[in-house]
Each structure stands twice: as C-alpha cells, then as structure tokens.
Amino acid sequence: MNCAEIRLLLHAHADGELDAANSLELERHLKTCAACAAENKSLQSLQAALRDGDLNFRAPDSLKKDLRQFVRDLGEVEKPRKEFNPQRLWKILAFGATAFALLMLFLRPAGISATDELLNEAVASHVRSLQAEHLTDVVSSDQHTVKPWFDGKIDFAPDVKDFAAQGFPLIGGRLDYLDSRAVAALVYRHNKHFINVFVWPAADAMKPEIQMRRGYAVINCATNGLHYCLVSDMNTTDLNELAGLCGQ
Amino acid sequence: MSANEAEQFERIVLPHLDAAYNLARWLAGNDHDAEDIAQEACVRAFRFIGGHRGGDARAWLLAIVRNTAFSWLKKNRPHAVVSIDDDELAQIEDQTVPAGAFHRADAGALRAALEALPLEFREAIVLRELEGLSYKEIAEVAEVPVGTVMSRIARARRQLQNHFSQKEGEK
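The rules behind these values
- Residues numbered from 1 in each chain as written.
- Chains lettered and ligands numbered in written order.
- Predicted model: local features only at pLDDT ≥ 70, side-chain atom pairs only at ≥ 80, totals over all residues.
- Helix = DSSP H or I, 4+ residues; strand = E, 2+ residues; numbered from the N terminus.
- Contact = placed C-beta atoms within 7 Å.
- Buried ≥ 20, exposed ≤ 12 C-beta atoms within 10 Å, placed from the backbone.
- Core = buried A, V, L, I, M, F, W, Y, C linked by C-beta atoms within 7 Å.
- Pairing = 2+ DSSP bridges.
- Expected span 1.5 Å × (residues − 1).
- Axes fitted to C-alpha atoms, helices over the stretch in contact; angles between N-to-C directions.
- Parallel < 35°, antiparallel > 145°, perpendicular 65-115°, else oblique.
- Left-handed = near helix turned anticlockwise from the far one by under 90°.
- Nonpolar A, V, L, I, M, F, W, Y, C, P; charged D, E, K, R; others polar.
- pLDDT = per-residue confidence, 0-100.

(A) Just the overall build of chain A, in detail. Scanning chain A for helices and strands turns up eight helices and seven strands. Taking as baseline every contact in chain A between residues at least 6 positions apart, the subset at least 24 positions apart corresponds to 50%.

(B) Here's a closer look at the overall build of chain B. Helix and strand counts for chain B stand at eight helices and zero strands. Secondary structure elements in chain B, listed N-terminal to C-terminal, are α-α-α-α-α-α-α-α. Every one of the 171 residues in chain B was classed for burial, and the buried ones make up 45%. The contacts in chain B between residues at least 6 apart in sequence include a share of 69% that link residues at least 24 apart.

(C) Representation of the nonpolar core. Counting residues in each nonpolar core, the largest one holds 60 residues, and the members touching the most others are Ala20, Ala24, Ala38 and Val65 of chain B. Core analysis: the next-biggest nonpolar cluster, separate from the first, contains 38 residues, Leu170, Leu178, Val197 and Tyr228 of chain A among them.

(D) Inspection of the sheet that holds strand E4 (residues 193-201) of chain A at higher detail. Residues and elements named next belong to chain A. The seven strands lie next to each other as E1-E2-E3-E4-E7-E6-E5, forming an open sheet whose pairing is antiparallel. In this open sheet, the two strands that pair with only one neighbour each are strand E1 (138-139) and strand E5 (206-213). As judged from the seven bridges shared by E4 and strand E7 (residues 226-232), these two strands associate in the antiparallel manner. Along E7, the bridge assignment pairs Phe198 with Cys229.

(E) Representation of unusual backbone geometry within the structure. Residue and element names in this part refer to chain A. Positioned with a positive phi, Arg214 is a non-glycine residue whose angle comes to about 45°. Residue placement: Arg214 occurs in the loop between E5 and strand E6 (216-223). Residue Arg214 is classed as exposed on the basis of its C-beta count, with 12 C-beta atoms lying within 10 Å. If you check the backbone angles, Asn224 has positive phi at about 50° while not being a glycine. The exposed category is assigned to Asn224, around which 10 C-beta atoms lie within 10 Å.

(F) A look at helix H4 (residues 57-76) of chain B. Residues and elements named next belong to chain B. For H4, which comprises 20 residues, the first-to-last C-alpha distance of 28 Å matches the rise-based estimate of 28 Å (1.5 Å per residue) to within 8%. For H4, the full list of buried residues reads Arg58, Trp60, Leu61, Leu62, Ala63, Ile64, Val65, Arg66, Thr68, Ala69 and Trp72. At its buried positions, H4 is contacted by helix H2 (17-28), helix H3 (31-47), helix H6 (119-130) and helix H7 (135-142).

(G) Fine view of the packing of helix H1 (residues 3-14) of chain A against helix H2 (residues 20-32) of chain A. Residues and elements named next belong to chain A. Direction vectors running N to C along H1 and H2 enclose 120°, while the axes themselves pass 11 Å from each other. Judged by the angle between their axes, H1 and H2 are oblique. Relative to H2, the crossing made by H1 is left-handed. Contacts between H1 and H2 involve Ile6, Leu9 and His13 from the former and Asn22, Ser23, Leu26 and His29 from the latter. Per-class residue counts for the contact of H1 with H2 are three nonpolar, four polar and no charged.

(H) Representation of the confidence of the model for chain A in the model. All names here are of chain A. Residues of chain A with pLDDT of at least 70 account for 88%, and the chain-wide mean is 82. The lowest-confidence element of chain A is helix H5 (residues 86-107), averaging 70 in pLDDT; the highest-confidence one is E7, averaging 93. The low-confidence segment residues 79-83 (pLDDT under 50) makes one contact with residues lying over four places distant or belonging to another chain.

(I) Broad picture of the environment of Leu103 of chain A. When you line up the elements, Leu103 of chain A lands in helix H5. The spatial distance from the C-alpha of Leu103 of chain A to the C-alpha of Ser180 of chain A is 7.9 Å, given a sequence separation of 77 residues.

(J) Looking closely at the pairing of E7 of chain A. Residues and elements named next belong to chain A. For E7, the tally of buried residues reaches six of seven residues, placing the bulk of the element in the interior. Where E6 meets E7, seven bridges bridge the pair, whose relative direction is antiparallel. Following the sheet pairing, Asn220 is matched in E7 by Cys229. Joining the antiparallel neighbours E6 and E7 is a turn of two residues, in which Asn224 adopts a positive phi near 50°.

(K) Layout of the pairing of E4 of chain A. All names here are of chain A. Two strands pair when backbone bridges link them, and strand E3 (residues 181-190) and E4 are joined in this way by seven bridges, in the antiparallel orientation. The partner of Tyr188 across the bridge, within E4, is Ile195. Joining the antiparallel neighbours E3 and E4 is a turn of two residues, in which Asn191 adopts a positive phi near 50°.

(L) Up close: the environment of Asp142 of chain A. All names here are of chain A. Looking at where Asp142 falls in the secondary structure, it is placed in the loop between E1 and helix H7 (143-149). Overall, Asp142 belongs to the exposed group, with 12 C-beta atoms counted inside 10 Å. In this structure the C-alpha to C-alpha distance between Asp142 and Val160, which are 18 residues apart in sequence, comes to 9.1 Å.

(M) Structural view of the packing of H2 of chain B against H6 of chain B. All names here are of chain B. Relative to each other, H2 and H6 sit at 155°, their axes nearing to 10 Å. With respect to H6, the element H2 is oriented roughly antiparallel. Judged by the sense of rotation from one axis to the other, the crossing of H2 with H6 is right-handed. Where H2 approaches H6, its residues Asn22, Leu23, Trp26 and Leu27 are matched on the opposing element by Leu119, Arg122, Glu123, Val126 and Leu130.

(N) Expanded view of helix H6 (residues 114-131) of chain A. For H6 of chain A, which comprises 18 residues, the first-to-last C-alpha distance of 25 Å matches the rise-based estimate of 26 Å (1.5 Å per residue) to within 8%. If you check which residues of H6 of chain A are buried, you get Leu118, Leu119, Glu121, Ala122, Val123, Ala124, Ser125, His126, Arg128 and Ser129 of chain A.

(O) Fine view of the confidence of the model for chain B. Residue and element names in this part refer to chain B. Per-residue pLDDT for chain B averages 83, and the proportion of residues at 70 or more is 80%. Within chain B, helix H1 (residues 3-12) has the poorest average pLDDT of any element, 78, and H2 the best, 96. For this predicted complex, the interface confidence comes out at an ipTM of 0.86, alongside a pTM of 0.58.

Now the structure itself:
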C-alpha cells in the first residue's frame, strides 16, 4: 500500500471497518511513515473532539409530548366500546377529522401535485419494501392463495394473476398504504428484478403514464375500475409489458 | 390503525426520538424546521410500522427521517440540495497541508465547521460520529453504496481538518 491508499484506509481503520489483514498492513506502515502516523493522530483527535463535543441535539419536549399524545389518541380510538356513548363518538369523530387534516397537511404539501406525490410515495414504498425485507405478507405464486388473502383487509378485490408464462412470476402480496388509503401490493419478479404493482379502485380510466423517478421506472394507469401503479428498477419496456398484462 | 400498531410505535419509534431529531436538526439547520421534519418523519414511520421486521429500529427510523428531510429541503431550499461528485476513487483533497490536532475546546468552532459541510458530507459524519452507525447502516440510510459512504466520510473529515489548519495558519 502506498501513502495515498493508506490515507483513505485510515478512516475505515479508525471506524473499525477495516478487515484484519489490511489493519495489520496499515499498522505496520504507520510505524515506518511519520507523515501517515501524524495524519492518523490528527484523525483520532478529530474523532475524539466530535464525540466529546456535545454536538448532539435533543428532541424538544414539545415534540415528545405531541407524539405521545398522537399514540394515546390512537389507542383511545381502538378501545372496545361496550355501549353507545355519544360523547366518545364525538371525540372519535373530532380526532378523526384532526388526524385526517394533519395527514392531508403532511401528505400534500402545497405546490406538489397529487400525482407527483403519489408517484414519490409509490417509489418510496417500493424501496422500503425491498430494504426492510418486507416484500410480501403472503408468499405464494398461486393467485388463488394471494387473492383471498386480501379479503377483509381491503375494501375491494384486486385482480391477482400469475404471469409466469410471460416471464413475470407472481411472488406474493402485501398490504401497503398509498394515496392516504390501504392498497394491495402485488409482487412480481422478472429475472433478478422485483416489481411492486400497487392496486386500488379508480374512478376513471387513465392511459399508462411512464416515468423515471430516482432511477426507478414507474407506470401509472387505470383500467376496468382499478388503478395500477407499477414500480421497478428494470427497464420501462419490460415494465410496460407487465402493465399491459395487469390491465387486461 | 390498531392498538397494537400504537404499541409498536411507542416501542420502536419513541425511544429513538432524540436520534431522529438530531439528524433532522443537523440537516435542516434550525430548530423550527427540524421539529417539523422530525414530526412528519415519525408520522410516516407510523404508517410504515408494519414494514419494520426486527433489525435496528434506530437505523430504520433514521432512513425515514433522512428521506423526509431531503424531500423537505428539495421543496423548500432547492439550492441546499446540490448533488456532490461521488467519485470513490477521487483523491482526498489537499494532502499537502498537514493536519493538526483537535482539542475539546474547539467544540464551538467544530459545530460551525460541521454546519458548513456539504449536506451529504454532514449527514455521513453525523450518522457516523454522533450516532455511531456502521458504514453499512449509513449506506442503507443514505441509499448509496458502502464505498461511497467511506469516501464521503474521508472527504468530510479532510474538509474539517483543512478548516482548522487554515485557522491555525491565520493566527
């Protein structure tokens, strides 16, 4: 290793991210190279200053209070109601309205169009579904297993079909939230790519709209009373093929 | 929404509120915006709570804070979000200036120097040094490869070192 390489690896070493073999070689180099050793010392003092510098901000009490109240209100709504209590009903309605208004405020910041926000949410959900290892709630390539799974979880029946013959095997399904509502997320695979197909009821038909968002291909369309939003890291041509199959 | 989800929220999200706020505060640069971002992120975390399957809850929440903060910044301060050149092979800038030692007394100046770093660099340093996340966790939070995380941390530290070397020179 030369000095330039050592200078970069010093950081990984200081962070405990360097493997044993490289650490050994690095430490040997530091014994013979005064310049790199000085650099290492400076790095360590910087780390110590950052860690001891009281640089962390603490959440203000108002935020803690608001969120605890948010949780309490949620618990309140769900408590079993043995008898009809008009006062409680009003409380729930008032909370529901406030929560709804808050959600709209959070989900629809002014200046961002509804579609724009929807596509961003869809991409975020896609990314998260892969990251959090929560791709599917029901794992099955059998459409007759996946479709009934959604019964009672959502207020509509998504059209679940396996397209293995066309190169898009069905992997499973998941419940997700998009556009401020529960939606069905159907997961397909194409070669090594995963595709999330979000489905929910649509009022009007809409022609497929193809877009790239943060490197992901997104297709948004509505047909036969259902809204489809497809997200994947594969190319738009293949994704469009699947969109065509879903909409049939 | 079920009581179970409320319980999960209390158990998974609330213990990491300080970490969530800390990241939001360092990215937003002021208390008011940080509080808005942290609150919005926690509500989003509640919506995604079913998606949390074990794993480190703090890193999971910080990823949501990060995304919320960047969306907020892109909308409200587009000039603050300039993508940096993430060439992993780029040499660390300006090797010629020898870096000096830091002292605890530098905390105020260190805070200012950290605030002056480009957004992605600041984020990497805050997650590494203040929150103690591993490179892999930072890579997941920032949605970049581990190599990029390493390069960002190295370049960020170099900028902090240079900031102080110049100060020394002015004395």
